[in-house]
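Notes for the structure review
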Amino acid sequence: MVIQNNADGKVEIYECYKGASAEMSGILTGDIVRGVNGADVTFADISEVVNMIAETEGDCVELLIEREGEEDLLTFSVPIRDVELQYVFSEMYDETIGY
């Protein structure tokens, strides 16, 4: 997943990689990260949040998520694993033209 500070200064999920553990755990693009392993990160610096996730001991990181349309905060246990990113994307427009 990719995180960024949004216009309000909150930590927002900018992108969830397809098939990655965050997406498989139910994290969505646009979710706001409010906590990492019990620590409040609502207005934290991105590098601090990344370090907290990377330094998690064990197999999973616990994320407290604020989601539009949900009254209560949501808790997700996200397995920590390597992600293989697809750098080249392709699409066929018709039988002879591809991009």
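Here is a short report on the structure shown in this document. (Residues numbered from 1 in each chain as written. Predicted model: local features only at pLDDT ≥ 70, side-chain atom pairs only at ≥ 80, totals over all residues. Heavy atoms only, no water.)

**Overview of the pairing of strand β5 (residues 60-66)**
Residue alternation in β5 divides its side chains into a buried set, V61, L63 and I65, and an unburied set, C60, E62, L64 and E66. By the bridge criterion, four bridges tie strand β3 (residues 32-36) to β5 in an arrangement that is antiparallel. When the bridges of β5 are listed, I32 appears paired with E66. Note that β5 and strand β6 (residues 74-79) share six bridges and pair antiparallel. Opposite I65, over in β6, you have L74 as the bridge partner. (Buried < 20%, exposed > 50% of the residue type's maximum accessible area, 1.4 Å probe, protein only. Helix = DSSP H or I, 4+ residues; strand = E, 2+ residues; numbered from the N terminus. Pairing = 2+ DSSP bridges.)

**Some points on the environment of E62**
Mapped onto the elements of the fold, E62 is located in strand β5. Residues E62 and G38, 24 residues apart in the sequence, show an inter-C-alpha distance of 7.5 Å. Apart from residues lying up to four places away in sequence, E62 is in contact with G35, V36, N37, T75 and F76. (Contact = heavy atoms within 4.5 Å.)

**Brief notes about the environment of I3**
As for its placement among the helices and strands, I3 is situated in strand β1 (residues 2-5). Judged by relative accessible area, which is 15%, I3 ranks as buried. Once the C-alpha coordinates of I3 and T96 are considered, the two residues, 93 residues apart in sequence, prove to be 38 Å apart. The residues touching I3, leaving out its near neighbours within four places in the chain, are V11, E12, I13, Y14, I46, V49 and V50.

**Observations concerning the nonpolar core**
One finds I27, V33, V36, V49, L63, I65 and V78 to be the most contacted residues of the largest nonpolar core, which totals 18 residues. Breaking this core down by element, the ones donating at least two residues are β2 (11-15), β3, α2 (46-54), β5 and β6. Aside from chain neighbours lying at most four places away, what touches I27 is I13, C16, A22, L63, I65, R67, F76 and V78. (Core = buried A, V, L, I, M, F, W, Y, C linked by side-chain atoms within 4.5 Å.)

**So, a nonpolar patch on the surface**
Taken together, the side chains of Y93, I97 and Y99 define a hydrophobic patch exposed on the protein surface, amounting to about 400 Å² of accessible area. With relative accessibility at 67%, the residue Y99 sits in the exposed group. (Patch = residues over 30% accessible without salt bridge, like charges linked within 9 Å, V, L, I, M, F, W, Y side chains within 5 Å. Areas by Shrake-Rupley, 256 points an atom, 1.4 Å probe, with all protein chains shown as cover. Salt bridge = Lys/Arg side-chain N within 4 Å of Asp/Glu carboxyl O.)

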